[in-house]
There are 4 protein chains.
Amino acid sequence: MRAAVISGVGQVEVTTVDDPTPGRRQVVVDVAACGLCGTDLHILQGEFAPTLPVIPGHEFAGVVAEVGAEVTEVKVGDRVAVDPSLYCHECRYCRVGRNNLCERWGGIGVSTAGGAAEYALAPVANCVKLPDHVRTEDAALIEPLSCAVRGYDVLRSQLASRVLIYGSGTMGLMMLQLGKLTGAASIDVVDLNEDRLSTARQLGCSTVATTPDEIDRPGGWDVVIDATGNAHAIQDGIDRVAKGGTFLQFGVSDYATRVQVSPYRIYNEEITITGSMAVLHSYERAADLFATGVLDPEVFISDRLPLEQYPAALEQFKAGKGRKIQVLP
Amino acid sequence: MRAAVISGVGQVEVTTVDDPTPGRRQVVVDVAACGLCGTDLHILQGEFAPTLPVIPGHEFAGVVAEVGAEVTEVKVGDRVAVDPSLYCHECRYCRVGRNNLCERWGGIGVSTAGGAAEYALAPVANCVKLPDHVRTEDAALIEPLSCAVRGYDVLRSQLASRVLIYGSGTMGLMMLQLGKLTGAASIDVVDLNEDRLSTARQLGCSTVATTPDEIDRPGGWDVVIDATGNAHAIQDGIDRVAKGGTFLQFGVSDYATRVQVSPYRIYNEEITITGSMAVLHSYERAADLFATGVLDPEVFISDRLPLEQYPAALEQFKAGKGRKIQVLP
Amino acid sequence: MRAAVISGVGQVEVTTVDDPTPGRRQVVVDVAACGLCGTDLHILQGEFAPTLPVIPGHEFAGVVAEVGAEVTEVKVGDRVAVDPSLYCHECRYCRVGRNNLCERWGGIGVSTAGGAAEYALAPVANCVKLPDHVRTEDAALIEPLSCAVRGYDVLRSQLASRVLIYGSGTMGLMMLQLGKLTGAASIDVVDLNEDRLSTARQLGCSTVATTPDEIDRPGGWDVVIDATGNAHAIQDGIDRVAKGGTFLQFGVSDYATRVQVSPYRIYNEEITITGSMAVLHSYERAADLFATGVLDPEVFISDRLPLEQYPAALEQFKAGKGRKIQVLP
Amino acid sequence: MRAAVISGVGQVEVTTVDDPTPGRRQVVVDVAACGLCGTDLHILQGEFAPTLPVIPGHEFAGVVAEVGAEVTEVKVGDRVAVDPSLYCHECRYCRVGRNNLCERWGGIGVSTAGGAAEYALAPVANCVKLPDHVRTEDAALIEPLSCAVRGYDVLRSQLASRVLIYGSGTMGLMMLQLGKLTGAASIDVVDLNEDRLSTARQLGCSTVATTPDEIDRPGGWDVVIDATGNAHAIQDGIDRVAKGGTFLQFGVSDYATRVQVSPYRIYNEEITITGSMAVLHSYERAADLFATGVLDPEVFISDRLPLEQYPAALEQFKAGKGRKIQVLP
Ligand SMILES: NC(=O)c1ccc[n+]([C@@H]2O[C@H](COP(=O)([O-])OP(=O)(O)OC[C@H]3O[C@@H](n4cnc5c(N)ncnc54)[C@H](OP(=O)(O)O)[C@@H]3O)[C@@H](O)[C@H]2O)c1
Ligand SMILES: NC(=O)c1ccc[n+]([C@@H]2O[C@H](COP(=O)([O-])OP(=O)(O)OC[C@H]3O[C@@H](n4cnc5c(N)ncnc54)[C@H](OP(=O)(O)O)[C@@H]3O)[C@@H](O)[C@H]2O)c1
Ligand SMILES: NC(=O)c1ccc[n+]([C@@H]2O[C@H](COP(=O)([O-])OP(=O)(O)OC[C@H]3O[C@@H](n4cnc5c(N)ncnc54)[C@H](OP(=O)(O)O)[C@@H]3O)[C@@H](O)[C@H]2O)c1
Ligand SMILES: NC(=O)c1ccc[n+]([C@@H]2O[C@H](COP(=O)([O-])OP(=O)(O)OC[C@H]3O[C@@H](n4cnc5c(N)ncnc54)[C@H](OP(=O)(O)O)[C@@H]3O)[C@@H](O)[C@H]2O)c1
Ligand SMILES: [Zn+2]
Ligand SMILES: [Zn+2]
Ligand SMILES: [Zn+2]
Ligand SMILES: [Zn+2]
């Protein structure tokens, strides 16, 4: 089959590799669409993936093409979205229910061959069947949505919170949509890029701005979410949290990034800073929400390219053009 | 009556002032003992108290000496401990149940005359009657305990957590006692002062050390509590939190103190940093716990001085000698 | 002024009474609209209100007509909605933050003169100013909404829950609207009255039915809410909760009503049954949500009658005709 | 090897069966001690176990006798306690982190051969190594303790709760010990059997009684726990919950048992009724707590019998004599 392969640091190509064969409880998915995200760039930079070469792609959906000997839950022809998370179920973190902190955490498209290929392998337990009204290609959005759901699980924000989101890329916009879905009283979105803000405006939010200074909330925000990974945004955001409020670190910074925090304020204003990492107990729920129409694929997916253009797609993503970029193998 | 008075920045004396008269729903407490704490030093430095002069003392207990016209809950002669918290019950924070973040937060001994005097005024709602087996003087420990209870309310730590506490002053030791009472699997205590650590050892903890480097917990601690307010301790502590764990800022730092935080780690390890400020819904509960004997007054109270020595007592506290220092008016 | 007065059990009339005078921290509200609810019927039956006669009406909004000597937060002419809750702030429940369980719980329109009158008194802290785009009369809906918010606070339901609501009266419909606003994956509404179900259908829900038997959810519902108070509905609802799910008792049953519960199932399926009572820390938040347009007043308010028709309005409410009935004094 | 075998309904014998052979990620445990509990009786009555014959015993500890080909975490000679829970990690409940509600829930000693035998098989992930100071036999108590930990996880009770426990058998006593460890202000224990109450008294609780009527708590209890499974106890207990309090169904009733609940009270007093089922994310934590000495084995284990007497041991357990009964294979 044809597949994108990250063969070494900075090296990505589309090439022909062996077709996958399903294990006992695995299925082969004929990939309909596979989204790109920051993780793919990290892998290209030699981070995250334990070994190279690897076929990237952890955001995908497709049609079941073959099933393993002991698979009964899905059958050939079923349309499915795939949770890429691979947990060991054995380590200390798995055993206390925090599988996303698994000591042997793996992911399809990270530690095993992913969805940027004609076919991909997945444990049957990771496959969620799609209802008729959901287009297979669109369902590749479920994975990033399931990360956003985990973010709100961590927040457990109250009804009528005032929310500020940094970043209106794919993830910031998903945070916006879920903010509405968790009963925020207001949601303000900040991005440096005026262009991207227009999508936030289109989706419906209280205010968009290039800096929170333009927004009139003297008491600050109950919930501040970083969906940029950018040090300036994070530093600014922590300082904007209202008394009793919470800052969620959702964006992925460089390892070396540091921000400054005032312990006096943490104490005196009972501020909470917390974080959310990938998917936890949230994939099926994201699929259910997706089926209700919480994300409009035409807004979220900006580019659909053939698999052969995977390297160019990654280049475009790196350049920050568009929103969610997909390859359609 | 005789009373300690902080009359200006850096100025404290014991002098004679008018006796208090109870309002409608107030009582006059004949103070048996009043503890000193960092807040009193802040007031002496011109911080915290909205106006000077003020009679300090927010940790006290005594005997009801007079009751206001509409008081029925306590009578003259009753022994009571007093919650110093004065909330407005009207502001945005009070109305959402976060009274300790009250926009008009006040405290007996901070914004009104306190317990470092022969008599002190208190709203009857702030008075908790003491059971027979609790000595009146000892009950002045309930107030700091109620802050520690708030700290654990914020933490809501799970059974079998691994806890690390910085500081074995009065508050660190209370955190230790409550750590046991919330089912910690282990509690390690760190202090620079070997002398103070011996009390932690005496109360029973897993390890004491002058630095966590001496303690073998490769994965870090599920719960790390700062009870020092010291920047080095806080910085060190944040970096010791285990994956999925929580750092509680309980100590009061200088306004200017800053510590550095890694957003990557907050995200990737789902670390939480949070804080706890004074008393919230915790005073009566602290009184109940105190009555069960959770704190041994002979261990916690190191010095009992006459009221006339209030300035010297404050001096000694500042010098970091002993644990809880009380004046007995 | 003219006011509705419940003068004895079963006796209600509109009559002329003295105008109210504001206390120090009170305001007089020129009532624009006052909604009726089950509580008013209870008062008429001699329940709930500690003494009769009383002017009923705890769901109201209006214009500030006069302010007490120490009121600075609002001024004459301001449009406000009023939280009727009167807490003592002194009892054991108030002191642990569960003011709605206050031992001396009172309410405007229950224990003091209410909003079914030309003018009503309210503590300034209970008044929430309305933004320009909210019509004063409509804002009488904020009070029932604040009860519904408390219900969801108790539930703290996760994103993507499957919700079943019994009752599509005013409260069931509010529960529906908030169900959407807390990210339910599906919301099914059950009512005996086909007519009322059509409003649920109009507001947008997954299924409406006269019995859950018509709805295909073999595993049951994660969240089941009773908004009827009816014994049959409650019994049926408890038995429909999915494994690991929660039943919320929001409807007010007769004191004598009993339902049967299987302890084996509570244990084996970790079912939770819980309840929510009136307003707690939720009024301002309901006002904020109301301002976002979460309730369409034209759907929720079915009847607007002059104050003089209060007895007839109560009669109509009792007969179960319409949805929210208001008097406009 | 010798093993107890429940071969049919009501039929139990000790016989010779084949020695077990470890799978890839399994270990063979040379059982040191295996405790008996209500579940074993249920299996004997033809309930719970999917098929008979089965070797019972889900509370056990022992020495690793053999390890599978891919086991690196433990080695022959290691002393371990074993979590009997077998989750599928694939079903809807497992995938949302509620593995104890697993649709294919299994248990060692329930759905596979258990610890009432010379040797037993266990997945290596279910084995917890014992520290030197814990006796292997005693560690069979960790399993029931891990159920009790789950109970308190569900409760998430606040510091200074007033707790009432029905039943002072093994589980009631564990609930008592964990009640202390979660900072209860008071713990009252009720049992019909005066004899058993003496152990509760010995372990240290506030009051013991044969009925709560003998205990003076006019406002009721914040937390009421049923550890009997008895309908009378449960009915009585639900009615004793204080306003705002919680009832935990921990005891296992007959399927047919029903208790009556007042929906008015659930609503008006915001009472919660909830349940806890077996082990969830709690086994390692129970092992950690056990290592701190939270349970005195000499108090908890009343009988240690040879494996050959398994049928008699089960008889004695059924008769309600003693506390935890163990067989030592
Ligand atoms: N926690 C998780 O589980 C999880 C899951 C998925 C993704 N993520 C992370 O979430 C973040 C967002 O992902 P994405 O796909 O939405 O990325 P994206 O498309 O690159 O969007 C990020 C947006 O933030 C803007 N931005 C950068 N610096 C800013 C600043 N100082 N102030 C305001 N806006 C700023 C960017 O503007 P410019 O284009 O002008 O730079 C861009 O529009 C990434 O860090 C990603 O790795 C986390
Ligand atoms: N959050 C609240 O509600 C609340 C309530 C009450 C008090 N507090 C705060 O809690 C903190 C502790 O109060 P306290 O009365 O226990 O104070 P304390 O008696 O001064 O105890 C603090 C202890 O921390 C030690 N320490 C200082 N720097 C350290 C470091 N880098 N590493 C390890 N140990 C260090 C000190 O040792 P040395 O003596 O050698 O300096 C001292 O033994 C204070 O900041 C206080 O203001 C907060
Ligand atoms: N917890 C709180 O804080 C709070 C606050 C406000 C109100 N409430 C309570 O909430 C409940 C609902 O209030 P509401 O104003 O919406 O009342 P409502 O207008 O009377 O609505 C109740 C609806 O339930 C329907 N119903 C009755 N029995 C039913 C059954 N067995 N199955 C299905 N539907 C059934 C009724 O149908 P019919 O018309 O055919 O009878 C009616 O449409 C009341 O009990 C009220 O007292 C509670
Ligand atoms: N939820 C879980 O995960 C879990 C785990 C393990 C066990 N369990 C269950 O927990 C329960 C207790 O287990 P156990 O091993 O401790 O059982 P046990 O030894 O039989 O103890 C139960 C005690 O309750 C007493 N009792 C019975 N009816 C009573 C009443 N009406 N009022 C007061 N006391 C009463 C019994 O007294 P008499 O001896 O006089 O009858 C006995 O002392 C059982 O139902 C068991 O199945 C649940
Ligand atoms: Zn793992
Ligand atoms: Zn306030
Ligand atoms: Zn009260
Ligand atoms: Zn499962």
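Predicted model only: the values in this text are computed from it and were never measured.

A. Just the overall build of chain A, in detail. For chain A, the count of helices and strands is 10 helices and 18 strands. Seen through its C-alpha atoms, chain A measures out along the principal axes to roughly 60 × 40 × 40 Å. Out of the 329 residues in chain A, the part that is buried amounts to 61%. Here chain A displays about 11,500 Å² of accessible surface, and carbon together with sulfur accounts for 48% of that area.

B. Here's a closer look at the coordination of the zinc ion (ligand 7). All names here are of chain C. Protein coordination at the zinc ion (ligand 7): the donors are Cys88 (SG), Cys91 (SG), Cys94 (SG) and Cys102 (SG), at 2.2 to 2.4 Å from the metal. For the zinc ion (ligand 7), the four donor atoms in the first shell make angles of 103 to 116° at the metal, so the coordination geometry reads as tetrahedral. Coordination of the zinc ion (ligand 7) draws on donor residues from a single chain, spaced C-x2-C-x2-C-x7-C in sequence. Of the residues examined, Cys91 reaches a relative accessible area of 3% and is grouped as buried.

C. Seen up close, the relation of the copies chain C and chain B. Overlay of chain C on chain B (RMSD 0.0 Å): rotation 180°, translation along the axis 0.0 Å. Read as a symmetry element, the transformation amounts to a two-fold axis. Looking at the rotation axis and the C-alpha trace of chain C, the residue lying nearest is Gly97 of chain C, at 3.0 Å.

D. Local environment of unusual backbone geometry. Residues and elements named next belong to chain A. A cis amide bond, omega 0°, links Leu52 with the succeeding residue Pro53. Note on placement: Pro53 falls in the loop between helix H1 (38–44) and strand E4 (59–67). Not every positive phi belongs to a glycine, and Glu270 is a case in point at roughly 45°. Along the chain, the position of Glu270 falls in the loop between helix H7 (263–268) and strand E16 (272–275).

E. Spotlight on the relation of the copies chain B and chain A. Relative to chain A, chain B is turned by 180° and slid 0.0 Å along the rotation axis, the superposed coordinates differing by an RMSD of 0.0 Å. When the interface residues of chain B are mapped onto chain A, 100% of them again lie at the interface, so the same face is used by both copies.

F. Structural detail: the pattern of salt bridges. All told, the structure shown has 92 salt bridges over all chains when counted by the stated rule. Across the pair Arg25 of chain B and Glu90 of chain C runs a salt bridge, and its minimum N-O distance is 2.2 Å. Residue Arg25 of chain B is found in the loop between strand E2 (11–16) and strand E3 (26–35), and its partner Glu90 of chain C is found in the loop between strand E6 (85–86) and helix H2 (92–95); the two belong to separate chains. Judged by its relative accessible area of 16%, Arg25 of chain B falls in the buried class. On the accessibility criterion, Glu90 of chain C (24% relative accessible area) is partly exposed. One salt bridge in this structure joins Arg135 of chain C and Asp138 of chain C, with 3.2 Å as the shortest N-O distance. The exposure class of Arg135 of chain C is partly exposed, given its relative accessible area of 42%.

G. Geometry of the interface of chain C and chain B. Counting residues at the interface gives 15 residues for chain C and 15 residues for chain B. Summed over both partners, the interface of chain C with chain B buries about 1,400 Å², with 42% contributed by carbon and sulfur atoms. The three residues of chain C that bury the most area against chain B are Glu90, Arg95 and His281 of chain C, which together make up 44% of that side's buried surface. Put simply, chain C and chain B have eight salt bridges between them. Between Glu284 of chain C and Arg95 of chain B there is a salt bridge whose closest N-O contact spans 2.6 Å. Connecting chain C to chain B are 11 residue pairs in polar contact (both at pLDDT 80 or more). At three residues, the largest contribution of residues to the side of chain C that touches chain B is made by helix H8 (residues 283–291) of chain C. Residues that form the side of chain C that touches chain B fall into these classes: three nonpolar, four polar and eight charged.

H. Focus on the packing of helix H4 (residues 170–181) of chain C against helix H5 (residues 194–203) of chain C. Residues and elements named next belong to chain C. Two numbers describe how H4 lies on H5: the axes approach to 10 Å, and their chain directions differ by 20°. One finds that H4 runs roughly parallel with respect to H5. Like other packed secondary-structure pairs, H4 and H5 cross with a definite hand, here right-handed. Where H4 approaches H5, its residues Leu173, Leu176, Gln177 and Lys180 are matched on the opposing element by Thr199, Ala200 and Leu203. Grouping the amino acids of the contact of H4 with H5 by side-chain chemistry returns four nonpolar, two polar and one charged.

I. Representation of the coordination of the zinc ion (ligand 6) in the model. Residues and elements named next belong to chain B. The protein atoms that coordinate the zinc ion (ligand 6) are Cys88 (SG), Cys91 (SG), Cys94 (SG) and Cys102 (SG), at distances spanning 2.3 to 2.4 Å. The site at the zinc ion (ligand 6) holds four donor atoms, and with the angles between them running 101 to 116°, its shape is tetrahedral. When the donor residues of the zinc ion (ligand 6) are listed from N- to C-terminus, their spacing reads C-x2-C-x2-C-x7-C.

J. Spatial organisation of the site of ligand 2. If you check the shell around ligand 2, you find 21 residues, and the closest are Met171, Asp191, Arg196, Phe250 and Ala278 of chain B. In this structure, ligand 2 is bordered by residues of chains A and B. At a separation of 2.9 Å, a nitrogen atom of ligand 2 approaches a polar backbone atom of Phe250 of chain B. Burial of ligand 2 by the protein amounts to 81% of the accessible area it has alone, namely 930 Å². Across the shell around ligand 2, the residue classes tally to 11 nonpolar, eight polar and two charged.

K. Highlighting the interface of chain B and chain A. With 42 residues of chain B in contact, the opposing surface of chain A contributes 42 residues. Summed over both sides, the interface of chain B with chain A buries roughly 3,600 Å², with 56% coming from carbon and sulfur. If you look at where chain B meets chain A, you find six salt bridges. Across the pair Asp222 of chain A and Arg92 of chain B runs a salt bridge whose closest N-O atoms are separated by 3.6 Å. Across the chain B-chain A interface, the total number found is 19 residue pairs in polar contact (both at pLDDT 80 or more). Elements that contribute at least two residues to the side of chain B that touches chain A include exactly helix H2 (92–95), helix H3 (142–155), strand E14 (241–249), strand E15 (259–261), helix H7 (263–268) and strand E16 (272–275) of chain B.

L. Broad picture of the nonpolar core. Formed by 56 residues in total, the largest nonpolar core has its most connected members in Ile142, Leu145, Leu178, Ile225 and Leu289 of chain D. Aside from chain neighbours lying at most four places away, what touches Leu289 of chain D is Leu159, Ala160, Gly183, Ala184 and Ala185 of chain B together with Leu145, Val149, Leu178, Leu181 and Val294 of chain D.

M. Structural detail: the domain arrangement of chain A. All names here are of chain A. The assigned domain composition of chain A is domain 1 (2–129 + 296–328) and domain 2 (148–275). Between domain 1 and domain 2, the C-alpha centre-to-centre distance is 28 Å. Taken together, the contact between domain 1 and domain 2 spans 12 residues of the former and 11 residues of the latter. Together, the buried faces of domain 1 and domain 2 total about 960 Å²; carbon and sulfur atoms form 58% of this surface. Counting the surface domain 1 buries against domain 2, the share from its top three residues, Val299, Phe300 and Arg323, is 52%.

N. View of helix H8 (residues 283–291) of chain D. Burial in H8 of chain D covers these residues: Tyr283, Arg285, Ala286, Ala287, Leu289 and Phe290 of chain D. Looking at the buried residues of H8 of chain D, the elements they touch are helix H2 (92–95) of chain A together with strand E5 (79–82), strand E9 (127–129), helix H3 (142–155), helix H4 (170–181) and helix H9 (297–300) of chain D. Remark: Gly293 of chain D follows H8 of chain D within two positions and exhibits a positive phi of approximately 90°.

O. The arrangement of the packing of aromatic side chains in detail. By the definition in use, this model includes eight aromatic pairs over all chains. Between the aromatic rings of Tyr255 of chain A and Tyr264 of chain B, the centroid separation amounts to 4.5 Å while the plane-to-plane angle is 70°, which identifies the pairing as edge-to-face. One end of the pair, Tyr255 of chain A, is in the loop between strand E14 (241–249) and strand E15 (259–261); the other, Tyr264 of chain B, is in helix H7, on a second chain. Among the residues examined, Tyr255 of chain A registers a relative accessible area of 44% and is labelled partly exposed. Note on Tyr264 of chain B: relative accessible area 12%, which makes it buried. Ring geometry for Tyr264 of chain B and Tyr267 of chain B: centres 5.7 Å apart, planes at 70°, overall edge-to-face. Here the residue Tyr264 of chain B and the residue Tyr267 of chain B both occupy positions in helix H7, the gap between them amounting to three residues, near one helical turn.

P. Region of interest: the site of ligand 3. All names here are of chain C. Close contacts around ligand 3 come from 21 residues, with Met171, Asp191, Arg196, Phe250 and Ala278 the closest. Val252 is positioned such that a nitrogen or oxygen atom in its backbone is 2.9 Å from an oxygen atom of ligand 3. In the environment of ligand 3, an oxygen atom lies 2.7 Å from a nitrogen or oxygen atom belonging to the backbone of Ala278. Within the complex, 81% of the 920 Å² of free accessible area of ligand 3 lies under protein. Considering only residue class, the shell around ligand 3 consists of 11 nonpolar, eight polar and two charged.

The rules we used
Along every chain, residues carry numbers that run from 1 in the direction the sequence is written. Chains and ligands are labelled sequentially in the order written, the chains with letters from A and the ligands with numbers from 1. Under the rules for a predicted model, residues below a pLDDT of 70 receive no local features and side-chain atom pairs below 80 are neither given nor counted, while totals for whole chains, interfaces and linings still include all residues. Note that the side-chain values use all heavy atoms of the structure and ignore hydrogens as well as water. Helix and strand definitions here come from DSSP, where helices need a minimum of 4 consecutive H or I residues and strands a minimum of 2 consecutive E residues; each element is numbered from the N-terminal end. Three labels apply to residues, based on accessible area from a 1.4 Å probe with only protein chains included: buried if under 20% of the type maximum, exposed if over 50%, partly exposed otherwise in between. Each accessible area is a Shrake-Rupley estimate made with a 1.4 Å probe; only the visible protein chains count as cover when residues are assessed. Because no water is among the atoms considered, metal sites can look incomplete, with donors defined as N, O and S atoms within 2.8 Å of the metal, or 3.2 Å for Na, K and Ca. Four donors are marked tetrahedral only if all angles between them lie between 85 and 135 degrees, whereas four are marked square planar and six octahedral if opposite donors are more than 155 degrees apart and the other angles lie between 65 and 115; the remainder are marked irregular. We place the copies in one frame by least squares, fitting the C-alpha atoms of every residue whose pLDDT is at least 70 in both. Residue contacts are defined here by distance: any two heavy atoms, one from each residue, within 4.5 Å place the two residues in contact. Should a side-chain nitrogen of Lys or Arg be within 4 Å of a carboxyl oxygen of Asp or Glu, the pair is scored as a salt bridge. We define buried area as the total accessible area lost by two parts upon association, computed with a 1.4 Å probe and summed across both. Throughout this description, a polar contact denotes any pair of N or O atoms lying within 3.5 Å of each other; where both atoms belong to protein, one of them has to be capable of donating a hydrogen while the other can accept it, and for residues adjacent in sequence the pair is counted only when both atoms sit in side chains. Residues are grouped as follows: Ala, Val, Leu, Ile, Met, Phe, Trp, Tyr, Cys and Pro are nonpolar; Asp, Glu, Lys and Arg are charged; every other residue, Gly included, is polar. Each axis is a line fitted through C-alpha atoms, taken for helices only over the stretch in contact, and angles between the N-to-C directions span 0 to 180 degrees. For classification purposes, angles smaller than 35 degrees are called roughly parallel, those larger than 145 roughly antiparallel, those between 65 and 115 roughly perpendicular, and all remaining angles oblique. Throughout, a crossing is termed right-handed when the near helix is turned clockwise from the far one, and left-handed when it is turned anticlockwise from it by less than a right angle. One heavy atom within 4 Å of a molecule or strand is enough for the residue carrying it to be called near that molecule or strand. Residues enter a nonpolar core if they are buried and are Ala, Val, Leu, Ile, Met, Phe, Trp, Tyr or Cys, with the set joined through side-chain atoms within 4.5 Å. Where each domain starts and ends comes from a domain assignment, either automatic or drawn from a database. In this analysis, rings of Phe, Tyr and Trp, with Trp reduced to its six-membered ring, are considered paired at centre separations within 6.5 Å, and the interplanar angle assigns stacked below 30 degrees, edge-to-face beyond 60, and tilted for intermediate values.

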